[in-house]
Each structure stands twice: as C-alpha cells, then as structure tokens.
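Descriptive structure summary
Each chain, written out:
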Amino acid sequence: MKTTLRQYTVEAVLEGFVYNELEGKGLFGLAGQLVIQPEYQRHYIYGDGKRDVAVIDSLLKGYPLGLIYFNVAKTGGGLEVLDGQQRITSVGRFVTGKFAVKVAGREQVFSSLPKDDQQKILASELLVYECEGTETETKDWFQTVNIAGVPLNRQELLNAIYSGPFITSAKAEYSNSRNANMQKWSSYVKGDPKRQEVLEVALDWVSSSGGVSIDAYLAQHRGDHDIAPLNRYFTSVIDWIVSVFTRPPDKEMRGLDWGRLYESYHSTSYNATEVDEAIDELRADPAVHNAKGIYEYSLGGKTSPQLLDVRLFDDKAKRAGYEQQTQKAKVKGVSNCPLCALGTDNNRARIYRQDEMDADHVTAWSKGGATDLSNLTMLCQTHNRAKGNK
Ligand SMILES: [Zn+2]
C-alpha cells in the first residue's frame, strides 16, 4: 500500500460540505472530491454536545486534531475518508451552524464568533495520510486504525510518518506472524506482530545501542532498502539470550529489556550449566518475589538482590521471634536487641517494643540464609539500619 502525507486546511476540506440530517451523516467535502462517509463507515456519533464540542475547543486552542486517513478511490481518483470522519463532520456541522460551543462562558455558533476565531478554525491544518492500495489492504488498514475505535499505537504512527522502503522491508520481517522465527522470538519478545510491537522492540534495541531514539533511527534510515544492520543486531541479541540461558524459555523471560541486558553483559562469559542451575534454585526460592529479576540478577553475578524483591519475614514470624528473644533477654537482664546487649552504653539493658525493631536475616539471604524463624533475629532499628541492605 502506498501512503502519501498531505496537509489540508479545514477550509479546503470543508469546501462544499454537506450534512444529511435525515441519514445523520456528513457527505462530501473538498469541493465534491471527498466522500466523508463511505458506506462501510459507522454513522456520525460525535453529535452528543461533548465530543463534537471538544473537537471545536481543540481547534480554538490550536491543538492538532490528530492524523486523518483518506483512501484513494479505485475509480475516478476521488478520495474517501478512512479514518477521521467523526472529526471532519463535527467541524463541518459547526461551521455550517448546526451546533454551538461555549466560549468565555457564552454560547457561540460559528457565525457569532469573533472573526479571528472563525479564521483560526478555517486555517487549521489537518494532517492527512492518503492511502492507495488493494481493497484487502485498505480493509486491513481500516481494521487497524478504526474498527473498534482502537487508536494507532506509537509504532503504527511511526510507520506512517517514516513510511518508505526501510519500513516496508522491516515490516515484512517483524510484523509478519507467518515468519518462521516468530515463535522463537515470542519467547523473549512480548507483543503482537500485527500491531507492530515486535518491530518496535527490534527498532528499540538497535536504536538504543546507537544511543538514539526510534524516531531518530527511522529518520536516518527511512530511504534504506537494506535492513541487514537491523536484522544483525536483533539476531545477535536473540542468539546471545539462547546461548546464556540454554533452558527452555520461562514465561518470565518474555518481554524483558533484553537489548539493555545484551549491551551490559554480552562481553561477560558465562557457564551455561551454572547459570541454569542458579536460575532453577532462585525460581524455587519462596523468598524471591520478583521472578522477572532472576535473569538480570544472575547475569550481574548475583550482586543486586534488590532485583529479586526478596520477601521480608511475615508478621507471624516477626512476632514469634520478638517474643522468644525478649523473654530470654529479660531473664538475662540485657537488651532484647542482641547488638545493643553487646554494647556498654545505656541501651545495654533496654527492652524495645516490637514496633521499635526490625527483622533481620542472621545469615544473609544472598549467602543462602533462609527466610524463616530459624534464621530470624530482631534488631533495634538503629542496628538494623547499620547492618545495611541484604
Ligand atoms: Zn540495638
């Protein structure tokens, strides 16, 4: 499908605007060249005094109305609105005096607006994509942009803005659910290829590796016919994942920020068997609350336990630990904080309330200590903080 970006003023689009009250549709524009409501479109539904008013408010404030899509008709060279008929019909009805909006607290129809406001509306630029393709392409496209009121997502918009040979080839590779590699990729990449979400990930990885945004990357490569650099980078990341994590992919591996992980860790060497065993162990550990963090934790040499959101002791264990410890301390006449009890200052015999203490792992979790009563000690808050994060 061929798309061409054009700008029209509201005035041009509304030239010869006709609204059919009986059928509730806006019919024509662009001096008869544009069919505003082709048969397959839903009828005008913005005439509710809210959405139609919002369209006019936007124009008066100078906000863009968003992308509009026209379809180039097979015969006669005329145009029909593929997406945007509600917005165009709203403006057309307003300009032809069909409804009023409140401006500075006063109801105004178009003809009662100050001249400069009228001019502002008529001179507003509409950004239009004119699409030319087969009926099937048009229908597919229309389904994407409109049918359920699904708005274009970020990558779909970028595809339209940067359309050209590069996007066409990249879509054939990454937006094609029949691509033989798609199943393998989907173990690590989250998203619907048809909604351009796999393409977005591929572009994100390669553009981030060069320190630029997807926009900038596409602007730079828009005219390229060769997408080999994109493919090479994407394949490098996927191959690297598979070489480090030889296990059958866990569902938590899907959608991780693999591009960033690749950049950070691909020059480190790993023993795949050891990685695999460590992952199994972590996945089985009930203290690990964030299973998605396991992979980066392992890649980083297990130095960042905060990635795992290790679950703290539960209230029941804390209460039991507090009671045991406090009873023993009272018998000995020392503080129920074992570290205060070792000291020489006034806190040496201080009995803390439970809410003045925190639970601590005797053997750090990161060194294999369990998160249960046998490995729990209550410390006063000062000492717990001093022991630091473990
Ligand atoms: Zn203490």
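This text goes with the structure placed above it.
Read on for an overview of the structure. Since the model is a prediction, treat every value here as computed from it, not as a measurement. (Residues numbered from 1 in each chain as written. Predicted model: local features only at pLDDT ≥ 70, side-chain atom pairs only at ≥ 80, totals over all residues. Heavy atoms only, no water.)

**So, the overall build of the chain**
For the chain, the count of helices and strands is 17 helices and 11 strands. Counted over contacts in the chain with a minimum sequence separation of 6, partners at least 24 positions apart contribute 63%. Accessible surface for the chain amounts to roughly 20,800 Å². Of this, 50% is attributable to carbon and sulfur atoms. Placing the 46 positive and 50 negative side-chain charges of the chain at their respective mean positions leaves the two points 6 Å apart. (Helix = DSSP H or I, 4+ residues; strand = E, 2+ residues; numbered from the N terminus. Contact = heavy atoms within 4.5 Å. Areas by Shrake-Rupley, 256 points an atom, 1.4 Å probe, with all protein chains shown as cover. Lys, Arg positive; Asp, Glu negative; His and termini not counted. Charge placed at Lys NZ, Arg CZ, Asp CG, Glu CD.)

**Quick notes on empty space enclosed by the protein**
Take a probe with the size of a water molecule and roll it over the atoms, and the empty space left behind shows itself. All chains considered together, the criterion is met by 1 cavity of 30 Å³ or more. Looking at the largest cavity, its volume works out to about 50 Å³. Taken together, Val10, Val13, Leu14, Leu65, Ile68, Arg87, Ile88, Val91 and Leu126 make up the full set of residues lining the largest cavity. Within the residue set of the lining of the largest cavity, elements represented by two or more residues are α1 (10-13) and α3 (85-95). Considering every element that reaches the lining of the largest cavity, the biggest residue donor is α3, with 3 residues. Looking at side-chain class alone, the lining of the largest cavity contains 8 nonpolar, no polar and 1 charged residues. (1 Å grid on protein atoms, 1.4 Å probe; cavity = no way out; pocket = protein on both sides within 12 Å on 5 of 7 lines; lining within 4 Å. Points joined across faces, edges and corners; volume = space filled by probe spheres on them. Nonpolar A, V, L, I, M, F, W, Y, C, P; charged D, E, K, R; others polar.)

**Observations regarding the coordination of the zinc ion**
Protein ligation of the zinc ion involves Cys337 (SG), Cys340 (SG), Cys380 (SG) and His383 (ND1), the donor distances falling in the range 2.0 to 2.4 Å. Around the zinc ion, the 4 donor atoms sit at angles spanning 99 to 113°, and that spread fits a shape best called tetrahedral. Along the chain, the residues that donate to the zinc ion are spaced as C-x2-C-x39-C-x2-H. With a gap of 43 residues between them, Cys337 in the loop between α15 (315-332) and α16 (338-341) and Cys380 in strand β11 (residues 376-380) connect regions that are remote in the sequence. Considered together, Cys337 and Cys380 belong to a single accessibility category, that of buried residues. (Donors = N, O, S within 2.8 Å, 3.2 Å for Na, K, Ca; no water. Tetrahedral: all angles 85-135°; square planar, octahedral: opposite > 155°, others 65-115°. Buried < 20%, exposed > 50% of the residue type's maximum accessible area, 1.4 Å probe, protein only.)

**Describing the packing of aromatic side chains**
Two descriptors summarise a pair of aromatic rings, namely the distance from one centre to the other and the angle between the planes of the rings. Tallied over the full model, the rule gives 15 aromatic pairs. Between Phe94 and Phe99, the ring centres sit 5.5 Å apart and the planes meet at 55°, which makes this aromatic pair tilted. Accessibility expressed as a relative area gives 0% for Phe94, which makes it buried. Each ring, one from Trp205 and one from Phe234, has its centre 5.1 Å from the other, and the planes form 20°; the classification is stacked. Placement of Trp205 in helix α9 (residues 197-209) and of Phe234 in helix α11 (residues 228-244) is noted, with a sequence separation of 29 residues between them. (Phe/Tyr/Trp six-rings, centres within 6.5 Å; stacked < 30°, edge-to-face > 60°.)

**Comments concerning the nonpolar core**
With 48 residues, the main nonpolar core has Trp205, Leu230, Trp240, Phe245 and Trp258 as its most contacted residues. Among the secondary structure elements, those contributing two or more residues to this core are α7 (165-174), α8 (182-185), α9, α10 (214-221), α11, α12 (258-265), α13 (272-284) and α14 (294-299). Filtering out sequence-adjacent residues up to four positions away, Trp258 remains in contact with Tyr188, Trp205, Val237, Trp240, Ile241, Phe245, Met253 and Tyr295. Tyr8, Val81, Ile88 and Val128 belong to the second largest nonpolar core, which has 32 residues in total. (Core = buried A, V, L, I, M, F, W, Y, C linked by side-chain atoms within 4.5 Å.)

**Some details on the environment of Asn347**
Along the chain, Asn347 falls in the loop between α16 and β10 (357-361). Considered as a pair, Asn347 and Thr168 are 179 residues apart in the sequence and their alpha carbons are 73 Å apart. Ignoring sequence-local partners within four residues, the contact set of Asn347 consists of Ser335, Cys340 and Tyr352.

**Some words on the pattern of salt bridges**
Scanning the model with the defined rule gives 15 salt bridges in all. As a salt-bridge pair, Asp250 and Arg247 come within 2.8 Å of each other at their nearest N and O atoms. We classify Arg247 as buried; its relative accessible area is 8%. With a shortest N-O distance of 2.8 Å, Arg283 and Glu252 are connected by a salt bridge. With Arg283 in helix α13 and Glu252 in the loop between α11 and α12, this residue pair connects regions lying 31 residues apart in the sequence. (Salt bridge = Lys/Arg side-chain N within 4 Å of Asp/Glu carboxyl O.)

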